[in-house]
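Here is what each chain is made of, one letter per residue.
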Amino acid sequence: MVRTLEKISEFLNNHDTNYVSLNRYNFTVMLQSNNLYEHYKLASKEEDKQSLAFSPTMHAKLGGYFGYKWLLVGWSFDLANKKETEKRKEFSLSVNTAALGFDFFHHKNGKNFKISDIKNIDLGNSSDYNKKFTGMTAKVTGADLYWIFNNKKYSYPAAFAQSTQQLKSAGSLISGISYSRHVLDLDTE
């Protein structure tokens, strides 16, 4: 069993050292700043075609990643919002070998949406348009799985400064599948 795992590990992490310099360290620590933009549109299929679009206020997120060999775990939080009910949080888990990659992510967007577009809906007060709307929250959970075809000469982790260094330029076709689930909670009161 151990021998089989060693063979699988060697297959998934076999680099040409003329193109990719392997990391000499087992542990990785990274600081990350990112911004995730979301836009949700709710629309009817009836003749009057009513629609209402929401988008969150953009704020920078700060977080970190901790990695051991192929495994990276990250967490980030919203810098701008003070209230716990409005904070945006993000968790991610990545496994990056030379040939195969897997990412799991979960984003939670607090009550910091604003109405960005209205069609054929009377809100009663036009000043409500493009104002903060606290009646909506969003959660996004998803996963990506991908295969790097030219994995001996191209380092996907090197592109994101994770665990290896690209010594000579080489590209690769990457094929994968992605799934995400968006859960919206809308309270109109």
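One can find the structure itself at the top, above this paragraph.
## Details of a nonpolar patch on the surface
Side chains of F27, V29, F66 and Y68 sit close together on the surface and give an oily, nonpolar patch of about 450 Å² of accessible area. Contributions of two or more residues to the nonpolar patch are made by β2 (27-34) and β5 (61-68). Its location among the elements puts Y68 in strand β5. With relative accessibility at 38%, the residue Y68 sits in the partly exposed group.

## Description of the side chain of H107
The topology assignment puts H107 in strand β8 (residues 100-109). Within the local environment of H107, its side chain forms a polar contact with the side chain of E90, the two groups lying 3.4 Å apart. Apart from residues no more than four positions distant in its own chain, H107 is found in contact with L36, K61, K89, E90, A138, K139 and V140.

## What about the sheet that holds strand β3 (residues 40-43)?
The 4 strands are arranged β3-β4-β9-β10 in an open sheet whose pairing can be described as antiparallel. Either end of the sheet is taken by a strand with one partner, and the two such strands are β3 and β10 (132-133). Pairing geometry for strand β9 (residues 113-119) and β10, over 2 bridges, is antiparallel. By the bridge assignment, F113 is partnered in β10 with F133.

## Brief notes about the packing of aromatic side chains
Under the counting rule described, the total for this entry stands at 5 aromatic pairs. Geometrically, the ring pair formed by F27 and Y68 is tilted, given 5.0 Å between the ring centres and 50° between the ring planes. Of this pair, F27 sits in strand β2 while Y68 sits in strand β5, and the two are 41 residues apart along the sequence. The exposed category is assigned to F27, whose relative accessible area is 52%. Ring plane angle 55° and centroid distance 6.4 Å describe the contact between W75 and F91, whose orientation is recorded as tilted. Within this pair, whereas W75 is found in strand β6 (residues 71-78), its partner F91 is found in strand β7 (residues 89-96), the two being separated by 16 residues in sequence. Taken together, the ring pairs connect F27, F66 and Y68 into an aromatic cluster. Here the basic side chain of K168 rests over the ring of Y19, its NZ or CZ set 5.5 Å away from the ring centre.

Here is what the cut-offs are and how they apply
Residues numbered from 1 in each chain as written. Predicted model: local features only at pLDDT ≥ 70, side-chain atom pairs only at ≥ 80, totals over all residues. Heavy atoms only, no water. Patch = residues over 30% accessible without salt bridge, like charges linked within 9 Å, V, L, I, M, F, W, Y side chains within 5 Å. Areas by Shrake-Rupley, 256 points an atom, 1.4 Å probe, with all protein chains shown as cover. Salt bridge = Lys/Arg side-chain N within 4 Å of Asp/Glu carboxyl O. Helix = DSSP H or I, 4+ residues; strand = E, 2+ residues; numbered from the N terminus. Buried < 20%, exposed > 50% of the residue type's maximum accessible area, 1.4 Å probe, protein only. Polar contact = N/O pair within 3.5 Å; in protein donor to acceptor, adjacent residues only side chain to side chain. Contact = heavy atoms within 4.5 Å. Pairing = 2+ DSSP bridges. Phe/Tyr/Trp six-rings, centres within 6.5 Å; stacked < 30°, edge-to-face > 60°. Lys NZ or Arg CZ within 6 Å of the ring centre and 35° of its normal.

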